[in-house]
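So the chains spell out like this:
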There are 2 protein chains.
Amino acid sequence: MTAPTHRVGEPAWDAWGDPTRAHRLTDDQRALISQVLGGAAATDAPRTPETELRLPRSALSPAARAALAAAVGPAHVNTRPAARLRRAGGKSTPDLLRRRAGDVAGAPDAVVSPADHDQVAAVLAACAEHGVAVVPFGGGTSVVGGVEPLRGDFAAAVCLDLRRLDRLLALDPVARTATLQAGLRTPEAEELLADYGMTLGHRPQSYEYATIGGYAATRSAGQDSAGYGRFDSMVLALRAATPRGTLDLGRAPASAAGPDLRQLLLGSEGVFGVITEVTLRVRPLPAAEHEEAWSVPDFAAGTEALRALAQGGLRPTLVRLSDPVETYVNAALAGGEAPRGCLAVVRCEGDPAHVAAAREAAATALRAVGGTPLGEEPVAHWRAGRYSAPYLRDALLDAGVLAETLETAATWTRLPGLRRAVTDALTAALSGGGAPPPPLVLCHISHVYPEGASLYFTVAAAAGPDPLERWRAAKRAAGDAIAAHGGTITHHHAVGTDHRPWLGAEVGDLGVEVLRAVKRALDPAGVLNPGKLIPEAAEPDR
Amino acid sequence: MTAPTHRVGEPAWDAWGDPTRAHRLTDDQRALISQVLGGAAATDAPRTPETELRLPRSALSPAARAALAAAVGPAHVNTRPAARLRRAGGKSTPDLLRRRAGDVAGAPDAVVSPADHDQVAAVLAACAEHGVAVVPFGGGTSVVGGVEPLRGDFAAAVCLDLRRLDRLLALDPVARTATLQAGLRTPEAEELLADYGMTLGHRPQSYEYATIGGYAATRSAGQDSAGYGRFDSMVLALRAATPRGTLDLGRAPASAAGPDLRQLLLGSEGVFGVITEVTLRVRPLPAAEHEEAWSVPDFAAGTEALRALAQGGLRPTLVRLSDPVETYVNAALAGGEAPRGCLAVVRCEGDPAHVAAAREAAATALRAVGGTPLGEEPVAHWRAGRYSAPYLRDALLDAGVLAETLETAATWTRLPGLRRAVTDALTAALSGGGAPPPPLVLCHISHVYPEGASLYFTVAAAAGPDPLERWRAAKRAAGDAIAAHGGTITHHHAVGTDHRPWLGAEVGDLGVEVLRAVKRALDPAGVLNPGKLIPEAAEPDR
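Naming follows an unreviewed UniProt entry, where chain A appears as Alkyldihydroxyacetonephosphate synthase of Streptomonospora nanhaiensis. A UniProt comment under Cofactor (unreviewed entry) is attached to chain A, and it reads "FAD". UniProt, in its Sequence similarities (unreviewed entry) section for chain A, records the words "Belongs to the FAD-binding oxidoreductase/transferase type 4 family."

Asker: Before we go on, may I ask you to explain the overall build of chain A in this structure?
Answerer: Helix and strand content of chain A: 18 helices and 18 strands. Its C-alpha atoms give chain A a radius of gyration of 23 Å, within 12% of the compact-globule value 24 Å for 542 residues. For chain A, the spread of C-alpha atoms along the principal axes amounts to about 70 × 60 × 45 Å. Taking the intrachain contacts of chain A between residues at least 6 apart in sequence as the baseline, contacts between residues at least 24 apart amount to 77%. Split by element, the accessible area of chain A, about 18800 Å² in all, is 54% carbon and sulfur. A gap of 2 Å separates the mean positions of the 54 positive and 60 negative side-chain charges of chain A.

Asker: I'm lost on the interface of chain A and chain B in this one. Help?
Answerer: Interface size is often expressed as the accessible area that is lost when the parts come together. Chain A puts 76 residues into the contact, and the matching count from chain B is 76 residues. For the pair chain A and chain B, the summed buried area comes to about 5600 Å², and 62% of that belongs to carbon and sulfur atoms. In terms of surface lost to chain B, no three residues of chain A exceed Arg251, Glu451 and Leu510 of chain A, which account for 14% of the buried area on that side. Our enumeration of links across chain A and chain B arrives at four salt bridges. Linking Glu513 of chain A and Arg244 of chain B is a salt bridge whose minimum nitrogen-to-oxygen distance equals 2.5 Å. Going through the elements one at a time, β8 (235-242), β9 (245-249), α10 (262-265), α11 (299-311), β16 (401-411), β18 (452-462), α17 (467-484) and α18 (500-522) of chain A are the ones with two or more residues in the side of chain A that touches chain B. Here the side of chain A that touches chain B takes 13 residues from α18 of chain A, the largest share from any one element.

Asker: I keep staring at the pattern of salt bridges and nothing clicks. Help me out?
Answerer: Between side chains of opposite charge, a pair can form when the charged atoms approach closely. All names here are of chain B. Within this structure, the stated rule accounts for 64 salt bridges over all chains. Notably, a salt bridge pairs Arg500 with Glu536, separated by 3.3 Å at the nearest N-O pair. Within this pair, whereas Arg500 is found in the loop between α16 (467-484) and α17 (503-522), its partner Glu536 is found in the segment after α17, the two being separated by 36 residues in sequence. With relative accessibility at 9%, the residue Arg500 sits in the buried group. On the accessibility criterion, Glu536 (39% relative accessible area) is partly exposed.

Asker: Sorry, what's going on with the domain arrangement of chain A here?
Answerer: Residue and element names in this part refer to chain A. One can read the domain layout of chain A as domain 1 (172-284) and domain 2 (288-384). Between domain 1 and domain 2, the C-alpha centre-to-centre distance is 28 Å. Domain 1 puts seven residues into the contact, and the matching count from domain 2 is seven residues. Of the roughly 570 Å² buried where domain 1 meets domain 2, counting both sides, 46% is carbon and sulfur surface. On the domain 1 side of the contact with domain 2, Gln223, Asp224 and Ala226 bury the most area, a combined 71% of that side's loss. Linking domain 1 to domain 2 there are one salt bridge. Between Arg203 and Glu349 there is a salt bridge whose closest N-O contact spans 2.9 Å.

Asker: What should I look at first to understand the pairing of strand β14 (residues 342-350) of chain B in this one?
Answerer: Two faces belong to every sheet, and in a regular strand the side chains alternate between them. Residues and elements named next belong to chain B. By the criterion of burial, β14 is predominantly enclosed, with eight of the nine residues buried. Pairing analysis gives four bridges linking strand β13 (residues 318-322) to β14, with the strands arranged antiparallel. Residue Leu321 lies in a different strand from β14, and its bridge partner there is Ala344.

Asker: Got a minute to help me understand unusual backbone geometry in this structure?
Answerer: Outside of glycine, negative phi angles account for most residues, and trans bonds account for most peptide bonds. All names here are of chain A. Phi is positive for Ala494, which is not a glycine, with a value near 75°. Within the secondary structure, Ala494 sits in the loop between α17 and α18. Residue class for Ala494 comes out buried when judged on its relative accessible area of 1%.

Asker: Quick question: what am I supposed to make of the packing of helix α2 (residues 62-72) of chain A against helix α5 (residues 117-130) of chain A here?
Answerer: When two helices pack together, their arrangement is given by the angle between the helix axes and by the axis-to-axis distance. All names here are of chain A. Between α2 and α5, the shortest axis-to-axis distance is 8 Å and the interhelical angle comes to 165°. By the angle class used here, α2 and α5 are roughly antiparallel. Taken as a pair, α2 and α5 cross one another with a handedness that is right-handed. Contacts between α2 and α5 involve Ala63, Ala64, Ala67, Leu68, Ala71 and Val72 from the former and Gln119, Ala122, Val123, Ala126, Cys127 and His130 from the latter.

Asker: Hey, could you run me through the UniProt feature "active site" (unreviewed entry) in chain A in this one?
Answerer: Residues and elements named next belong to chain A. Mapped onto this numbering, the UniProt entry annotates "active site" (unreviewed entry) at Tyr456. Tracing the sequence through the fold places Tyr456 in strand β18. Excluding residues within four positions of it along the chain, Tyr456 makes contact with Gln205, Thr405, Leu406, Glu407, Leu442, Cys443, His444, Ser446, His492 and His493. There is a polar contact of 3.2 Å between the side chain of Tyr456 and the side chain of Thr405.

Asker: How should I be thinking about the state of the cysteines in this particular structure?
Answerer: Note on terminology: a disulfide is the covalent bond linking the sulfur atoms of two cysteines. Taken as a whole and judged by the stated rule, the model has zero disulfides over all chains. Take Cys127 of chain B: it sits in no disulfide, and the sulfur closest to it among the cysteines is that of Cys159 of chain B, at 11 Å.

Asker: Please clarify how the environment of Leu468 of chain B should be interpreted in this entry.
Answerer: Residues and elements named next belong to chain B. Tracing the backbone through its elements, the reader meets Leu468 in helix α16. Leu468 sits 460 residues away from Val8 along the chain, and the two C-alpha atoms are 31 Å apart. Setting aside residues up to four positions removed in sequence, Leu468 forms contacts with Pro94, Leu97 and Arg98.

Asker: How should I be thinking about the sheet that holds strand β4 (residues 156-161) of chain A in this particular structure?
Answerer: Pairing between the strands of a sheet is mediated by backbone hydrogen bonds and can be parallel or antiparallel. Residues and elements named next belong to chain A. Taken together, four strands build an open sheet; the order of strands is β1-β2-β4-β3 and the sheet is mixed. Each edge of the sheet is formed by a strand with only one pairing partner; in this case those strands are β1 (77-78) and β3 (132-137). When strand β2 (residues 110-112) meets β4, the two strands line up parallel, connected through three bridges. Looking at the pairing, Val111 lines up with Cys159 of β4. Packed onto the sheet, α5 meets β2, β3 and β4 and runs at close to 150° relative to β3.

Asker: Just checking my understanding: could you explain the environment of Asn330 of chain A for this structure?
Answerer: All names here are of chain A. In this fold, Asn330 is placed in helix α12 (residues 324-333). A relative accessible area of 39% places Asn330 in the partly exposed class. As a C-alpha pair, Asn330 and Trp382 span 52 residues in sequence and 9.4 Å in three-dimensional space.

Asker: Teacher, can you tell me more about the side chain of Ser206 of chain B here?
Answerer: Its location among the elements puts Ser206 of chain B in the loop between β7 (198-199) and α7 (212-218). Sequence-distant contacts of Ser206 of chain B, defined by excluding residues within four places in its chain, comprise Trp16, Thr141 and Tyr215 of chain B.

Asker: How should I be thinking about the relation of the copies chain A and chain B in this particular structure?
Answerer: Both copies of the chain are related through a single rotation about an axis accompanied by a shift along the same axis. Take chain A, turn it by 180°, move it 0.0 Å along the axis, and it overlays chain B with an RMSD of 0.0 Å. Expressed as a symmetry operation, the mapping of one chain copy onto the other fits a two-fold axis. A shared interface surface links the copies, since 100% of the contact residues of chain A are contact residues in chain B too.

Asker: How should the sheet that holds strand β17 (residues 440-445) of chain B be read in this particular structure?
Answerer: Residues and elements named next belong to chain B. The strand order β15-β12-β14-β13-β17-β18-β16 describes an open sheet built from seven strands, whose pairing is antiparallel. The open sheet terminates on both sides in strands that have one partner only, identified here as β15 (372-375) and β16 (401-411). Mean inter-strand twist for the sheet, computed between neighbouring axes without regard to direction, equals 25°. The sheet contact formed by β16 and strand β18 (residues 452-462) spans eleven bridges and is antiparallel. Looking across to β18, one finds that Ala403 is bridged to Ala460. Against the sheet, helix α11 (residues 324-333) makes contact with β13, β14 and β17, and its axis sits at roughly 105° relative to β17, the strand it touches most. With respect to the sheet, helix α12 (residues 352-368) is in contact with β12 (288-296), β14 and β15, its orientation differing from that of β14 by roughly 160°.

Asker: Sorry, what's going on with the nonpolar core here?
Answerer: Among the nonpolar cores identified, the biggest contains 187 residues, and Ile212 of chain A together with Ile212 of chain B are the most heavily contacted of them. It is α18 of chain A that provides the largest number of residues to this core, a total of nine residues. Counting residues in each nonpolar core, the second largest holds 29 residues, with Ala110, Leu124, Cys127 and Val274 of chain B among its members.

Asker: How do you make sense of helix α4 (residues 93-100) of chain A when you look at a structure like this?
Answerer: Along an α-helix, residues three or four apart share an orientation, since each turn contains 3.6 residues. Residue and element names in this part refer to chain A. Across the eight residues of α4, seven count as buried, placing the element largely inside the fold. Within α4, the full set of buried residues consists of Thr93, Pro94, Asp95, Leu96, Leu97, Arg99 and Arg100. Packed against the buried residues of α4 are α15 (389-398), β16 and α17. One side-chain oxygen of the residue at the start of α4 lies 3.0 Å from the amide nitrogen of Asp95, identifying that residue as Ser92.

Asker: Sorry if this is basic, but what is going on with helix α14 (residues 389-398) of chain B here?
Answerer: Residue and element names in this part refer to chain B. In terms of residue burial, α14 counts as a mostly covered element, since eight of its ten residues are buried. Among the residues of α14, those classed as buried are Pro390, Tyr391, Arg393, Asp394, Ala395, Leu396, Leu397 and Asp398. Of the residues trailing α14, Gly400 is marked for its positive phi of about 80°.

Each value, and the rule that gives it
Residues numbered from 1 in each chain as written. Chains lettered and ligands numbered in written order. Predicted model: local features only at pLDDT ≥ 70, side-chain atom pairs only at ≥ 80, totals over all residues. Heavy atoms only, no water. UniProt positions renumbered as here; feature names shortened; annotations may be inferred. Helix = DSSP H or I, 4+ residues; strand = E, 2+ residues; numbered from the N terminus. Rg over C-alpha atoms; globule rule 2.2 N^0.38 Å. Contact = heavy atoms within 4.5 Å. Areas by Shrake-Rupley, 256 points an atom, 1.4 Å probe, with all protein chains shown as cover. Lys, Arg positive; Asp, Glu negative; His and termini not counted. Charge placed at Lys NZ, Arg CZ, Asp CG, Glu CD. Buried area = accessible area lost by both parts, 1.4 Å probe. Salt bridge = Lys/Arg side-chain N within 4 Å of Asp/Glu carboxyl O. Buried < 20%, exposed > 50% of the residue type's maximum accessible area, 1.4 Å probe, protein only. Domains from an automatic or database assignment. Pairing = 2+ DSSP bridges. Axes fitted to C-alpha atoms, helices over the stretch in contact; angles between N-to-C directions. Parallel < 35°, antiparallel > 145°, perpendicular 65-115°, else oblique. Left-handed = near helix turned anticlockwise from the far one by under 90°. Polar contact = N/O pair within 3.5 Å; in protein donor to acceptor, adjacent residues only side chain to side chain. Disulfide = S-S within 2.5 Å. Least-squares fit on C-alpha atoms with pLDDT ≥ 70 in both. Core = buried A, V, L, I, M, F, W, Y, C linked by side-chain atoms within 4.5 Å.

In structure tokens, the structure reads:
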């Protein structure tokens, strides 16, 4: 079997995922919100119904439309409002705020669905020739504006929908690699791999909707990165279509044949080309597993334990440490009692001997900092909801609460100062104006490396009369704090539009010039995903 | 302490390393060579004495010389013949054949020795302004022509000697990172790190002479890569001077902030800029170690055991598998008896629990394929000579034997076909002309990954009347076989001049265009290391 039998359905146009799984706040949760964020927060903020939306007419010229139809077949150039609406952007908080408010003016002028690599290449050629912006679209789960169909200098933009590229092209059981097409969502890819007893082990929060190509284009990291690695580290080879031709990169597990050009496409977010196939490391489905929650006295102690694990020889598959506020809030939202201090979660997968050894290593590290085991139940609870948090964001937006997440990474040494700075920046930015109480800022570590770790923040505040402006103020404050305190502007959410103002601080003006030079070489017409990733020559003041 | 107390001396100008350690063939070794490669092989091929050499006058213009003197101080612009001779190239077999024959016409026009990053930047600016080719030089151990002072389109070339950049700039014991300047040779870097109880664990055959910057610029892999990782995987951050300014790349242990631009500088071989500082992962000096040799029935069985180890959870620090010919020849050269089948070597370092577990994992994998332990002695013997093999090449060249090594990597699946193809290609290329017996081709695996491994070939043949032409024929045949059978043209020797004809096959014409675009952005005058890495627009027929 090379194509999956079970397809993941289309997500909602104005919310995270499956509309039938939408979260409804309980009365207790509403009471908790009123108590913490003030009564003004729990005010219903209704969405615009789809029937009231008015999409602008498709601006695609007849010639461009004909060229696209020639590339993929007329049936796969879709200009109907329902299709365009469902490709009008990603799932960032500003994306959702705009669509909920009925602002769909930016919807693409058509949704173009190629069947294979050659058709992708033909679409790019047509767009370059006719001056049409082209926005690659996989799962549409970007939370940083990465799939917003910006026009750049062009009159029209099309969504390049990769969902028809949904095949397993090759599986090598000896080298343990699989070649997957870009448009496969994770559950579909896992279904195909499971037939061979294999798994990717890549499980980010967007697992159910995100695609293989999207993971590669954004340097995704799954929650099990400690065991399976980041997505970029799993990539042996990739194929990308560009307006200037095809790139086939990677043939050996390691090479000294010059710069690693795969690393230019990984994280390129569709501005250099469209990744159509990825050859990935796969592993046997785990024969054993163990998971356990722990309580540790405080965040510093928990961080120390995670560092010991990350720098040791044996790593669990997943480690996660919530700060005291997150530990308390998550327990309260679940209607339970919070453990003392901070909640730490450990999961080990693999062959039985490895699981036993990794479990022992984790217990040793956590006991050394005063941790006490809490059993499996809290992990099972966390795991049951591991892909559901974004549904809660929708429910909070419905209830007039601005809820956002952002993430960074730094060395262990810089982590405490970075956490303090971002927390303070978010608190200050969302505390202005007098009336509402300060925001709630939660933080956890969910990805560890020998040299450092990620920090993942969740912030919730009353949405107020202009939630977009409040979001912008908070984002600006957090981004500046991250840049000033040695963090990367994003550990796994990518750059998109939202992090673009800080890329120059991260790679320097000369680094940005290098990105522009590569862009000119591969996309001289500049049609690929305008307005993303690469800062403009004169980036507007943020 | 930030600078090392013990400096590694300068290597010989016409041979590998320390002249006092030059290898002298024993009578038994000469007899063995005559027997295997024919009597004609063991014919002395004397070197040209230094006193008979005539270097061309330095072609550096007075204006360029003055600009360089302004950049680094007049004392650090050296145009004396002895200095220029010692920077006339690297240690590839063609490099040595040319210099031994007295061909030193290509020596650089000056040796320029900056003291720090800013002086490196000033040298690049001076060279760009005055149209002088500039060849970065660290340890000078390139075996692929990477430091040959080619002029490109310019009248003069200077060697940019990085040896004065020899400081430990920072050590973070919490994050376990060290910032080292580019010109430190490995023993010097290890001396500095040992003061903090730390090590890099990077031990390639060039360990004694190669430098930190050179490792980064060539994507080096140490013999202990299974445990410590390749050099590129140790790099958290790097600083590079380019004619267009400075690049400071990398701040977090992982990031999704766009393409990983560090990976453009790693492996850039001085054509984009000069790496002046590298922030590297370091580890505690190992508390325990264990090493053991094994005999396995054949190469396929040994490969299977290495694959099991590489794909398992616990990897030794070093694994190595010699094919039957290498197993036999190495034993014969040492005057000992060869074990049955193939020699496998395993070494484990770390904390005692890890060493015990990794040792057990290795024993299980090797026993599973019919391996039998041979004890520690063969490993101790191998380890004592781990950095000495290049001295043997000099002795063989003295004795009229062309000895060369080359390496590649591929997936486990492709490895057997690749090994056969390269062996056949080398044998055919060096068997022509009737008289001499076929060459001796040895092979081992010394770097393993979950998806595949490296293959390292040693070939020895009678040098004949035109050893350079024989070398070219063998290189051409091996390179074509590697490209045709799914290998990378180099796993850890880099591209330089010698592998440049195959880079296009590896990254494609469009990949080469991307490299050229980056080159134009960072080095618009094209002064940096001309003739290396990036194929010419019209690469001369190979």
